[in-house]
Amino acid sequence: MAVNSRISGFKDRSVAERRALVADGAGVAAAALSALDTGGLALDQADHMIENVIGTIGLPLGVATNVTVNGRDHLVPMATEEPSVVAAASNAARIARVHGGFHASGSGPVMIAQIQVVDVIDPYGARNRVLEAREEILALADAQDPVLVRLGGGARDLTARVLPTRAGPQVIAHLLVDVRDAMGANAVNTMAEAVAPALAERAGGRPLLRILSNKADTRLVRARAVFDAELLGGPQVVDDIVAASAFAEADPYRAATHNKGIMNGISAVVLATGNDTRAVEAGCHAHAARDGAYTALSRFEKDRDGNLTGTLEVPMPVGLVGGATRAHPVAQAAIKILGVTSAAELAEVIVSVGLAQNLAACRALAAEGIQHGHMRLHARTIAATAGAAPDEVPRVAERLVRDGKIQEEYARQALASLRGERA
Ligand code: MEV
């Protein structure tokens, strides 16, 4: 079913109304979203996921609107504790939407497993002998996962290099595996462990570490979009965002914060869909330092019509099968809302949201500053902390913003005076 992610007035609805709109918009039965009521994870389910469980922790799950990727609309679930993130992503997606939304593509779901071989007498000869055994090693790897092979995945390549280290030269082999719709950690780690003895025997050394690399640069996903100059606030804002982008490209101190803004979007969708936030974050930051110096992951430029173009490319090892994506009821609901049918499509939406988030932060920073919008939302949290009931929160927050005093004590006074007026 074709989804329309443009739902006007979405933010002003109640939680129940929003959920009904999302179910309707995504073509999902309301019952499929019932897991969202309780945070979706029963204690016995949690107890099976990790060790020493004593409870669960809840996080807000919001939905970003206006997102179009490769001509298809998506309502995008985002799990985050940070105010303004969901609103900012929706707003940036709206600015991209008038020029066709996001265009995304990927290099394919290929993961790297590393096999470290030590105690090698002739590392260069060993490297050659390992490469001569390519077909045998790939077949051995494939034999570990016939299901993956049947689905069209499996071992694709074997590389090897001599790595000079302070513990002497080591032979490092990379097994490249197409993991299809899985994140792939289990599949490639199993293969790495299975092929390591044969590989080390060829090398005449001892196998040591056998584990995937989170620098997943054979699983790159890129997104681009044109952001309308007028909706951004005019030509000066476009030029200032380009200057902000150049700052982040040139300075690692700024790049870390610029990239954190990207991860605000990426990690929120990765988490909502039950994927591994740490794997994705490690991959993104490794990619940001791929040329030896840490830099911005995105680029903003001005096009010939004066609009702003944004591009982002990052490794995106996420899956639709296995792990918490299957086990967590909220992740299952999130996948249904997203309406994606492959891990590649999920990755493309995630990277598009990262770009939207980045644009929103850079726009706010280059225009009115980040605190303006942030403090408005923060005021709502302060109002609730001061004891305001849900129907009182907007009025109390409004008072805090108007008086420029976003403080808990002042919120208590504002609440008391609001209740006095109502009595
Ligand atoms: C805050 O969570 C993220 C920002 O600092 C990102 C940025 O500075 O680009 C606003």
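Rules behind the numbers
- Residues numbered from 1 in each chain as written.
- Predicted model: local features only at pLDDT ≥ 70, side-chain atom pairs only at ≥ 80, totals over all residues.
- Heavy atoms only, no water.
- Near = heavy atom within 4 Å.
- Polar contact = N/O pair within 3.5 Å; in protein donor to acceptor, adjacent residues only side chain to side chain.
- Areas by Shrake-Rupley, 256 points an atom, 1.4 Å probe, with all protein chains shown as cover.
- Helix = DSSP H or I, 4+ residues; strand = E, 2+ residues; numbered from the N terminus.
- Core = buried A, V, L, I, M, F, W, Y, C linked by side-chain atoms within 4.5 Å.
- Buried < 20%, exposed > 50% of the residue type's maximum accessible area, 1.4 Å probe, protein only.
- Contact = heavy atoms within 4.5 Å.
- Patch = residues over 30% accessible without salt bridge, like charges linked within 9 Å, V, L, I, M, F, W, Y side chains within 5 Å.
- Salt bridge = Lys/Arg side-chain N within 4 Å of Asp/Glu carboxyl O.
- Pairing = 2+ DSSP bridges.
- Axes fitted to C-alpha atoms, helices over the stretch in contact; angles between N-to-C directions.
- 1 Å grid on protein atoms, 1.4 Å probe; cavity = no way out; pocket = protein on both sides within 12 Å on 5 of 7 lines; lining within 4 Å.
- Points joined across faces, edges and corners; volume = space filled by probe spheres on them.

Near the ligand, the surroundings consist of Glu82, Arg254, Thr257, His258, Lys260, Gly261, Asn264, Ala361, Leu365 and Ile370. Within the side chain of glutamate 82, one N or O atom sits 2.6 Å away from an oxygen atom of the ligand. Here an oxygen atom of the ligand and a side-chain polar atom of arginine 254 are 2.7 Å apart. Protein contacts shield 83% of the accessible area of the ligand, which totals 300 Å² for the unbound molecule. Residue assignment for the shell around the ligand shows that the elements contributing at least two residues are α10 (252–272) and α14 (343–366). For the shell around the ligand, the element with the highest residue contribution is α10, accounting for 6 residues.

Most often, soluble globular proteins have nonpolar side chains that are buried together. Judged by nonpolar contacts, the single largest core of 54 residues is most densely connected at Val76, Met78, Phe102, Phe227, Leu232, Ile266 and Met316. Ranked by residue count, the leading element in this core is α14, at 11 residues. Residues within four places of leucine 232 in sequence aside, it is in contact with Ile95, Phe227, Val237, Val238, Ile241, Leu308, Leu359 and Arg363. Counting 34 residues, the second-largest nonpolar core is a separate cluster that includes Ala126, Val130, Leu148 and Val171.

Right, let's get into a nonpolar patch on the surface. Taken together, the side chains of Leu208, Leu209 and Ile211 present a nonpolar region at the surface, about 250 Å² in accessible area. As for its placement among the helices and strands, leucine 209 is situated in strand β7 (residues 206–212). For leucine 209, a relative accessible area of 52% corresponds to the exposed category.

Moving on to the pairing of strand β1 (residues 61–69). Looking down a regular strand, the side chains alternate between one sheet face and the other. Of all 9 residues in β1, 8 are buried, a share of seventy percent or more. When β1 meets strand β2 (residues 72–79), the two strands line up antiparallel, connected through 7 bridges. Each bridged residue has a counterpart across the sheet, and for valine 69 the counterpart in β2 is arginine 72. Joining the antiparallel neighbours β1 and β2 is a turn of 2 residues, in which asparagine 70 adopts a positive phi near 50°.

Another aspect to go through is the sheet that holds strand β10 (residues 308–315). Either a parallel or an antiparallel arrangement is found when strands of a sheet pair, and the pairing is made through backbone hydrogen bonds. Taken together, the 4 strands give an open sheet; going across it, the order is β3-β8-β10-β9, and neighbouring strands pair in antiparallel fashion. Either end of the sheet is taken by a strand with one partner, and the two such strands are β3 (103–106) and β9 (298–302). Taken pair by pair, the neighbouring strands of this sheet meet at an average axis angle of 15°, ignoring direction. Two strands pair when backbone bridges link them, and β9 and β10 are joined in this way by 5 bridges, in the antiparallel orientation. Paired with serine 298 across the bridge in β10 is leucine 312. Sheet strands touched by helix α11 (residues 277–288): β8 (220–227) and β10. Its angle to β10, the strand with the most contacts, is close to 115°.

Moving on, we get to unusual backbone geometry. With a phi angle near 55°, asparagine 52 is a residue other than glycine that sits in the positive phi range. Tracing the backbone shows asparagine 52 in the loop between α2 (43–49) and β1.

This part takes up the layout of surface pockets. If you add up the space inside the second largest pocket, you get close to 170 Å³. Along the wall of the second largest pocket there are 16 residues; nearest its centre are Gly108, Pro109, Arg180, Ala343 and Ala344. Taken together, the elements giving at least two residues each to the lining of the second largest pocket come down to β8 and α14. Examining the composition of the lining of the second largest pocket, we find that 4 residues originate from one element, α14, more than from any other.

Shape is all these values report; function is a separate question.
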